[in-house]
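Listed below, chain by chain, are the residues.
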Amino acid sequence: MTRKELNLRETAVVYAYLKNNISTALDCIMELRDRNTDKKLYRFRPPKMYEIDAIQKEKIYLCRPSQYTDSDDCKIEYDIPDLYEYYLRNIKYPKHKNDLCFIDDHAMKQLIKKIEANSDFQQVSERMRNECLVACISGTFNTYMWEHYAQNNEGICLEYDMDNIITNTKFPLRFLPIRYVESRQKTDDIKFNSLDFNNTDAAYKNAAKKYMASCLTKNKIPYAQEHEWRLIYDHCSLDNGKEGLLFDFILPSKIILGKNIFNNPNFANSIIECAKNKGIPIENQ
């Protein structure tokens, strides 16, 4: 991935959420679109019958980030020194808050445990988790993607025209690139600090924006090779027990069958029949 593309992705995410300037974010998206020579994007999917159901209904499924197998994806990062200082000065030693100036690794670890057990933190985290839903789409078509996201070539790849996604993605969904950073843990604009854990509407709104940006931020190594984009829904309330929602979406321009798809003959035959009924071209990997 070129430095220019990395910069465009960074600017799109920052302006979409942290600076609340959708116009500038859209300019970056269109420039990224112009740099995509074949204007194609790909969604690699496992051999699950619900994938066929979504295509039949002309929908796309967005899920909670907590459903990802990668526990670091969309993980909340902490501004440890700020939180540590707040805890010492305002909770543990309020009478001596002007005299404290120390911090160590053990205290940091203890602080994280206290934060996770804090009721305000749990409430804010739960509200954010219930409101952010995402679906992943890639600009990369290769063996790595087949193996990691299509159950080792047993699933399918849905090919989309990038222009159609941009044109047909309607509110409340947003279509944005992933930005890739050297380290999520060292990316300050997604770190949660003491102000984010005040149980007020203003604090919640700021924390929610920060979390949305974190859901669009991944480590450059190993993920930049995926050239990932995401559909994101940032204001959602789910019923208990639900992990995601279906949204209206365009049909893929092509369905590519994994080379091992007939390890699951029921799925293979069903997706072929679905494609025929929807008039979607089929290719083999």
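Below or above, wherever it landed, is the structure these notes cover.

1. Concerning the environment of Asp-234
Argument step 1. With respect to the secondary-structure elements, Asp-234 resides in the loop between β10 (228–233) and β11 (244–248).
Argument step 2. Among the residues examined, Asp-234 registers a relative accessible area of 10% and is labelled buried.
Argument step 3. In this structure, the C-alpha to C-alpha distance between Asp-234 and Arg-43, residues 191 residues apart in sequence, is 21 Å.

2. Overview of the packing of helix α1 (residues 3–18) against helix α2 (residues 22–35)
Helix packing geometry: the angle between the two helix axes and the distance between the axes.
Argument step 1. Look at α1 against α2: their axes get within 8 Å of each other, and the N-to-C directions meet at 155°. With respect to α2, the axis of α1 lies roughly antiparallel. For the pair α1 and α2, the sense of crossing is left-handed. Across from Lys-4, Glu-5, Leu-8, Arg-9, Thr-11, Ala-12, Tyr-15 and Ala-16 in α1, the residues of α2 making contact are Ile-22, Thr-24, Ala-25, Cys-28, Glu-31, Leu-32 and Arg-35.
Argument step 2. Here the contact of α1 with α2 is built from residues that sort into eight nonpolar, two polar and five charged.

3. Observations concerning the packing of aromatic side chains
Argument step 1. A full pass over the atoms with the stated rule returns seven aromatic pairs.
Argument step 2. Here Phe-175 and Trp-229 contribute two aromatic rings whose centre-to-centre distance is 4.8 Å and whose plane-to-plane angle is 15°, an arrangement assigned as stacked. Separated by 54 residues along the polypeptide, Phe-175 in strand β6 (residues 173–177) and Trp-229 in strand β10 bring together distant segments of the chain.
Argument step 3. Through a chain of ring-to-ring contacts, three or more aromatic side chains come together here, namely Tyr-42, Phe-44, Phe-141 and Trp-146.
Argument step 4. A cation sits over an aromatic face here: Lys-210 above Phe-192, 5.7 Å from the ring centre.
Argument step 5. The residue whose ring lies beneath Lys-218 is Tyr-223, and the NZ or CZ to ring-centre distance is 4.2 Å.

4. A look at the pattern of salt bridges
Argument step 1. Taken as a whole and assessed by the stated rule, the structure comprises 24 salt bridges.
Argument step 2. Taking the shortest distance from any N to any O, the salt bridge between Lys-40 and Glu-159 comes out at 3.8 Å. Here Glu-159 lies in strand β5 (residues 156–161) and Lys-40 lies in strand β1 (residues 40–45), a separation of 119 residues in the sequence.
Argument step 3. Judged by its relative accessible area of 8%, Glu-159 is buried.
Argument step 4. One salt bridge connects Lys-218 with Glu-226, and the closest N-O pair in it is separated by 3.9 Å. Here Lys-218 and Glu-226 have matching classes, each one buried.
Argument step 5. Among the ionic contacts, a cluster of salt bridges with common partners joins Lys-40, Glu-159, Asp-161, Lys-254 and Glu-283.

5. Remarks on the side chain of Ser-138
Argument step 1. Assignment of secondary structure puts Ser-138 in strand β4 (residues 133–138).
Argument step 2. Beyond its immediate stretch of four places on either side in the chain, Ser-138 contacts Leu-41, Tyr-42, Met-145, Glu-226, His-227 and Glu-228.

6. Observations concerning helix α5 (residues 105–117)
Argument step 1. In this model, α5 (13 residues) spans 19 Å end to end at C-alpha, consistent with the 18 Å of a helix rising 1.5 Å per residue.
Argument step 2. Among the residues of α5, Ala-107, Leu-111 and Ile-115 are the ones counted as buried. The buried residues of α5 occupy an angular sector of 75° when the element is viewed end-on, so they sit on one face. Turned more than 90 degrees from where α5 packs its buried face, Asp-105, His-106, Lys-109, Lys-113 and Ala-117 sit exposed.

Definitions and cut-offs
- Residues numbered from 1 in each chain as written.
- Predicted model: local features only at pLDDT ≥ 70, side-chain atom pairs only at ≥ 80, totals over all residues.
- Heavy atoms only, no water.
- Helix = DSSP H or I, 4+ residues; strand = E, 2+ residues; numbered from the N terminus.
- Buried < 20%, exposed > 50% of the residue type's maximum accessible area, 1.4 Å probe, protein only.
- Axes fitted to C-alpha atoms, helices over the stretch in contact; angles between N-to-C directions.
- Parallel < 35°, antiparallel > 145°, perpendicular 65-115°, else oblique.
- Left-handed = near helix turned anticlockwise from the far one by under 90°.
- Contact = heavy atoms within 4.5 Å.
- Nonpolar A, V, L, I, M, F, W, Y, C, P; charged D, E, K, R; others polar.
- Phe/Tyr/Trp six-rings, centres within 6.5 Å; stacked < 30°, edge-to-face > 60°.
- Lys NZ or Arg CZ within 6 Å of the ring centre and 35° of its normal.
- Salt bridge = Lys/Arg side-chain N within 4 Å of Asp/Glu carboxyl O.
- Expected span 1.5 Å × (residues − 1).
- Arc of directions from axis to C-beta.

All quantities given are derived from atomic positions and should not be read as evidence of function.
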